[in-house]
Amino acid sequence: MLAWSLLLLSGCSLSSNHYLLIDQSLAAGDPKRADAIMEEAESDYGSRNRLLYSMERGMTLHLAGEYTKSIGFLERADQEVERLYTKTIRTETTAFLTNDNVLPYEGAPYEHVMINVIKALDYAVLGQINESLVEARQIDHRLNVLSDKVTDKAAYREDAFARYLTGVLYEAAGDINNAFVAYRKAYDIFEETRGWAKTPMPLMLKADLLRTSDALHLTTELDEYRRQFPDVPWVSRNDHADLAQVVVINYNGRAPHKEDNYLDIPISLDALQLVLLNRGVAHASNRKERRAADSLLYGLNGRVVRVALPRLVPQKTQIQYEEVTLVPREGAPISESSQLVYNGTALAEKSLSERMAGITTKALARAAVKFAAAEAATRGAQQAVNKDDAPWVGLAVGLLTHGLAIASEEADKRSWRTLPDEIQINRIWVPAGEYEARIRCVGRGGGPLPSPRAQSLTLRPGETKFLIERVVQ
């Protein structure tokens, strides 16, 4: 009975098996297969994970080159974010008595921003720059609202990468004034969040500020940037006028995932000894079997309270940078190394740390309520039978109620897992013409890693071409 109840309760959480298959497909250079796997997993997500599925599917379609379809799913995600501002008391109550996995997944603020970021890139790759600017303005609005809402300046309330990307998009559209404003905001945010974001100031951003302030004839700002960045090479927009630009967005590695961190709290000396003994014994490797065993053991004792908290498991990329080389039909190749603009693991760590106090408080309160309910049910059952049967009835009911309290305790481990660990960007200006784009991935030890296949490009004067590359390593 208890094992069946555990299986039913474990159904409240989302299986992660398909993520492994998606990672394998991406590592094999088959993003279309990765998207097919995500499509097949739709029924596993259910109504409470509609936002998560829309984000995940939007990303796998983005990686598969199905940019129009990706936009559709990300639009659904955007709408779901707005809808989820309204919660139902009934669902909240159910979650309090079991775990937060029965609540609709609302997503973290940085994930909400990434919805518009990926959508803007979808439009940019399609060459629909005006539509990408709509998303740039939506990013600006979302971050402004977040900044007004979150008063703690040390919290996540701005996004340096998102601001930088809007600057790139505005400049690609020829809107130098808004590009300069976005670059300046990005610069300030990179500086302010350097400690926890673990993303150094990109050298190219300094060149962007020099170039755009010069183009706008902002003499004071240009002189100040020249003073701050005396060794940064840059080229004026006048010298870029007839050149084409290639912007390569490199998604490297895998986003971190979460696992359960169980805290078993004994409320008697015997329970303390049991917890210490149980922690020292090797458990079954299967997580469901381990939970079932713990539920049976602690259910029989009746004096252990379990609290489940999420723990982040990083999956850092092996890539140090990408070298992009544009090889023309005639003339010398032109190469640029990528620069880090986004550290997804640091963002996830920041997001979880900011929520951990609330998660812990709620989990402790929930555990106390479940323990009290189990105790009340056990005493009630004992009082309902004759005195001779009371011990056996109490043992059986206690096993069931306390065991279910243990079994139902599970952390909310959901997150947008098809995002990368890092995003790096290459920006290369070249004369118009036909090129072959070659990308070489360099590992953190300096050695080469498997790299994406070369592709052909035809560039027009003044055009900005966006390329998307995904490397799982």
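Position labels on residues start from 1 in each chain and follow its written sequence. Note on the predicted model: pLDDT of at least 70 is required for a residue's local features to be given, and 80 or more for side-chain atom pairs to be given and counted; whole-chain, interface and lining totals, by contrast, use all residues. The side-chain quantities take in all heavy atoms of the structure and omit both hydrogens and water.

Attention now moves to helix 13 (residues 203-215). Elements are defined by DSSP. Helices are runs of H or I of four residues or more, strands are runs of E of two residues or more, and each kind is numbered from the N terminus. Helices are assigned an expected span. That span is 1.5 Å times one less than the residue count. The terminal C-alpha atoms of helix 13, which comprises 13 residues, lie 19 Å apart, in line with the 18 Å expected from a rise of 1.5 Å per residue. Listed in full, the buried residues belonging to helix 13 are M204, L205, A207, D208, L209, L210, R211, T212 and S213. Those residues of helix 13 hidden inside the fold are in contact with helix 10 (160-172), helix 11 (176-192), helix 14 (219-228), helix 15 (237-240), strand 6 (339-343) and strand 7 (422-431). The first or second residue beyond helix 13 is H217, which carries a positive phi of 60°. Only protein chains enter the accessibility calculation, which uses a 1.4 Å probe; a residue is then buried when its area is under 20% of its type maximum, exposed when over 50%, and partly exposed in between. Contacts: residue pairs with any heavy atoms within 4.5 Å of one another.

Of the two site types, the cavity is a set of points on a 1 Å grid over the protein atoms alone where a 1.4 Å probe fits but cannot get out, and the pocket is an open set with protein on both sides within 12 Å along at least five of seven lines, each lined by residues with an atom within 4 Å of a point. Grid points are joined across faces, edges and corners, and a volume is the space filled by probe spheres set on the points. Applying the stated rule across the entire model yields four cavities of 30 Å³ or more. Taken as a whole, the largest cavity holds about 130 Å³ of empty space. If you go around the largest cavity, you meet 15 residues; those closest to its centre are D159, A160, F161, A197 and L347. Elements with a contribution of two residues or more to the lining of the largest cavity: helix 10, helix 12 (194-197), strand 6 and helix 18 (344-383). In terms of residues, the lining of the largest cavity owes the most to one element, strand 6, which gives three residues.

Right, let's talk about the sheet that holds strand 7 for a bit. Read from one edge of the open sheet, four strands run 6-7-1-11, paired in mixed fashion. The open sheet terminates on both sides in strands that have one partner only, identified here as strand 6 and strand 11 (464-471). Taken pair by pair, the neighbouring strands of this sheet meet at an average axis angle of 25°, ignoring direction. As paired strands, strand 1 (residues 243-252) and strand 11 are joined by eight bridges and run parallel to one another. Pairing of Y251 across the sheet is with R470, part of strand 11. Here the rule is simple: two strands pair whenever DSSP picks up at least two bridges between them. Structural elements are reduced to axes, namely lines fitted to C-alpha atoms, with helices fitted over the stretch in contact, and the angle between N-to-C directions of any two is expressed from 0 to 180 degrees.

Before going further, it helps to spend a moment on the packing of helix 8 (residues 109-125) against helix 10. Two elements in contact, helix 8 and helix 10, have axes separated by 11 Å at closest approach and are oriented at 25°. Comparing their axes, helix 10 and helix 8 come out roughly parallel. Between helix 8 and helix 10 the crossing geometry is left-handed. Each of V113, M114, V117, A120, L121 and A124 in helix 8 lies in contact with helix 10, whose residues at this interface are F161, A162, L165 and L169. By the convention adopted, Pro, Cys, Tyr, Trp, Phe, Met, Ile, Leu, Val and Ala count as nonpolar, Lys, Arg, Asp and Glu as charged, and the other residues, Gly among them, as polar. Looking at the contact of helix 8 with helix 10 residue by residue, the class counts come to ten nonpolar, no polar and no charged. Roughly parallel covers angles under 35 degrees, roughly antiparallel covers those over 145, roughly perpendicular covers 65 to 115, and oblique covers all other angles. Take the far helix as the reference: if the near one is turned anticlockwise from it by less than a right angle, the crossing is left-handed, and if turned clockwise, right-handed.

The analysis is restricted to geometry; functional conclusions fall outside its scope.
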